[in-house]
Amino acid sequence: MSNPVLNERAMQSAQTWAPPASGSSHFPPVAEPPTTTEPLSDGPTSPWSGKAMTVGGVVSATSVLFVLLLLAAAFGWYQQGEPEQVQLADGTIGYNYSIPALAWGGLIGGFVLVLVLWRKPELARFIAPIYALAQGVFIGAISRMYETLWDGIVVQAAGATIAVFAVMLVLYRTRIIKVTRRFRMIVTAATIGVMLFYGVTLLIRLFAGADSVSFLASPSLLGIAFSLFVAGLAAFNLALDFDFIERGVEQGLDKKFEWYAAFGLLVTIIWLYLEMLRLLSKLRQQ
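Described in the following lines is the structure provided in the data block. (Residues numbered from 1 in each chain as written. Predicted model: local features only at pLDDT ≥ 70, side-chain atom pairs only at ≥ 80, totals over all residues. Heavy atoms only, no water.)

With that settled, the discussion passes to empty space enclosed by the protein. Any empty space left between the atoms is revealed when a probe the size of a water molecule rolls over them. As enumerated under the stated definition, the model contains one cavity of 30 Å³ or more in all. In terms of residue class, the lining of the largest cavity is made up of five nonpolar, two polar and no charged. (1 Å grid on protein atoms, 1.4 Å probe; cavity = no way out; pocket = protein on both sides within 12 Å on 5 of 7 lines; lining within 4 Å. Points joined across faces, edges and corners; volume = space filled by probe spheres on them. Nonpolar A, V, L, I, M, F, W, Y, C, P; charged D, E, K, R; others polar.)

So this is what it looks like as structure tokens:
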């Protein structure tokens, strides 16, 4: 799943419920002390906590979400069970996997939570942990399926995901990759295009059969090239996430926004991991 959360619309929305940045001139003017003998009043209370978003806070929130994700993934892995062996048309033995209903529920529930949080970012600290648990069950189930078919692929996919994350962070911090307005527009447009493509192909496969869009799982050059493109696109979305977090800290968004940023980062990393699983499975079939 691509990341529809950390975008320009979200940044503009966040500024409507975030405190001014440190040193900002947008604080209300300080009133002159009263000249009468009336009791002093603290005045109206501010709705803001006075604490601003920090990179450390985002890291802490992201760490909590990953712990929840891994715990749920372990449960999903256990629930998956062993595949059913079937005899194929050519006489060879194949495997028939059935993802548990609970795992599919986690996937669908996670998508619904993304839509809710997209409209209500202030609920991030409550919704993000639920999302991590829901997606974790699906991640665990799908990971065991891949691991059964291709031994060691889960460790490879996780390692590749960590490596891509580290490389993108270095490229972003050294400004080798500069997130400009044009860069954001191109990556966002491509991401939306991939989301729509996946949605359309899902509908086609539901009505025309799983083999109707075969190149998505095919180890052909076209299938591998497509997986490389999508994995690269997920990596570029990490740059957008880093930029979004950095600008949020610079603009002094409210501390609540740390959970929203961590949620968006988690969405991208999950997407990247799933694309790595798909890509590596195709390469294993070569």
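Turning our eyes to something else, we now look at the environment of Ala261. With respect to the helices, strands and loops of the structure, Ala261 is situated in helix α8 (residues 257-284). Relative accessible area serves as the criterion here: at 0%, Ala261 is assigned to the buried category. With 140 residues separating them along the chain, Ala261 and Pro121 place their C-alpha atoms 9.5 Å apart. (Helix = DSSP H or I, 4+ residues; strand = E, 2+ residues; numbered from the N terminus. Buried < 20%, exposed > 50% of the residue type's maximum accessible area, 1.4 Å probe, protein only.)

A separate point is the packing of aromatic side chains. What the rule picks out here adds up to eleven aromatic pairs. Pairwise contacts between aromatic rings join Phe165, Tyr172 and Phe242 into one cluster. The aromatic ring of Tyr172 is capped on one face by Arg175, whose charged end is 4.8 Å from the ring centroid. (Phe/Tyr/Trp six-rings, centres within 6.5 Å; stacked < 30°, edge-to-face > 60°. Lys NZ or Arg CZ within 6 Å of the ring centre and 35° of its normal.)

The subject of this paragraph is the environment of Gly152. In this structure, Gly152 sits in the loop between α4 (124-149) and α5 (153-173). When sequence neighbours within four positions are dropped, the list of residues in contact with Gly152 reads Glu147 and Arg284. (Contact = heavy atoms within 4.5 Å.)

Next up on the list: α5. With 21 residues, α5 ought to run about 30 Å at 1.5 Å a step, and its terminal C-alpha atoms sit 30 Å apart, in line with that. Those residues of α5 that sit buried are Ile153, Val154, Ala157, Thr161, Val164, Met168 and Tyr172. Each buried residue of α5 sits inside an arc of 105° when the element is viewed along its axis, so together they form one side. Exposed side chains of α5 directed beyond 90 degrees from the buried face belong to Val155, Ile162 and Arg173. (Expected span 1.5 Å × (residues − 1). Arc of directions from axis to C-beta.)

Let's shift gears to the nonpolar core. Judged by nonpolar contacts, the single largest core of 64 residues is most densely connected at Tyr131 and Met168. Of all the elements in the fold, those that place two or more residues in this core are α2 (55-80), α3 (101-119), α4, α5, α6 (181-208), α7 (221-250) and α8. A per-element tally of this core places α8 first, with 16 residues. Filtering out sequence-adjacent residues up to four positions away, Met168 remains in contact with Ile177, Ala235, Phe236, Leu238, Ala239 and Phe242. (Core = buried A, V, L, I, M, F, W, Y, C linked by side-chain atoms within 4.5 Å.)

The interhelical angle for the contact between α2 and α8, taken along N-to-C directions, is 50°, at an axis separation of 8 Å. Taken together, the axes of α2 and α8 are oblique relative to one another. In this structure, α2 crosses over α8, and the sense of that crossing is right-handed. For the pair formed by α2 and α8, the contact residues are Gly57, Val58, Ala61, Thr62, Val64, Leu65, Phe66 and Leu69 on the first element and Glu258, Trp259, Ala261, Ala262, Phe263, Leu265, Leu266, Ile269 and Ile270 on the second. Its residues placed into classes, the contact of α2 with α8 shows 14 nonpolar, two polar and one charged. (Axes fitted to C-alpha atoms, helices over the stretch in contact; angles between N-to-C directions. Parallel < 35°, antiparallel > 145°, perpendicular 65-115°, else oblique. Left-handed = near helix turned anticlockwise from the far one by under 90°.)

Right, let's get into the layout of surface pockets. When its volume is computed, the second largest pocket comes out at roughly 440 Å³. Forming the walls of the second largest pocket are 19 residues, and the residues nearest its centre are Phe66, Leu69, Leu70, Ala158 and Tyr273. For the lining of the second largest pocket, the secondary structure elements donating two or more residues are α2, α4, α5 and α8. It is α2 that contributes the most residues to the lining of the second largest pocket, seven residues altogether. For the lining of the second largest pocket, the residue count by class is 15 nonpolar, four polar and no charged.

Overall, the coordinates contain six salt bridges when judged by the stated rule. A salt bridge links Arg173 to Glu246, with the shortest nitrogen-to-oxygen separation between them at 3.6 Å. Taken together, the positions of Arg173 in helix α5 and Glu246 in helix α7 put the pair 73 residues apart, joining distant regions of the chain. Overall, the relative accessible area of 55% leaves Arg173 in the exposed class. (Salt bridge = Lys/Arg side-chain N within 4 Å of Asp/Glu carboxyl O.)

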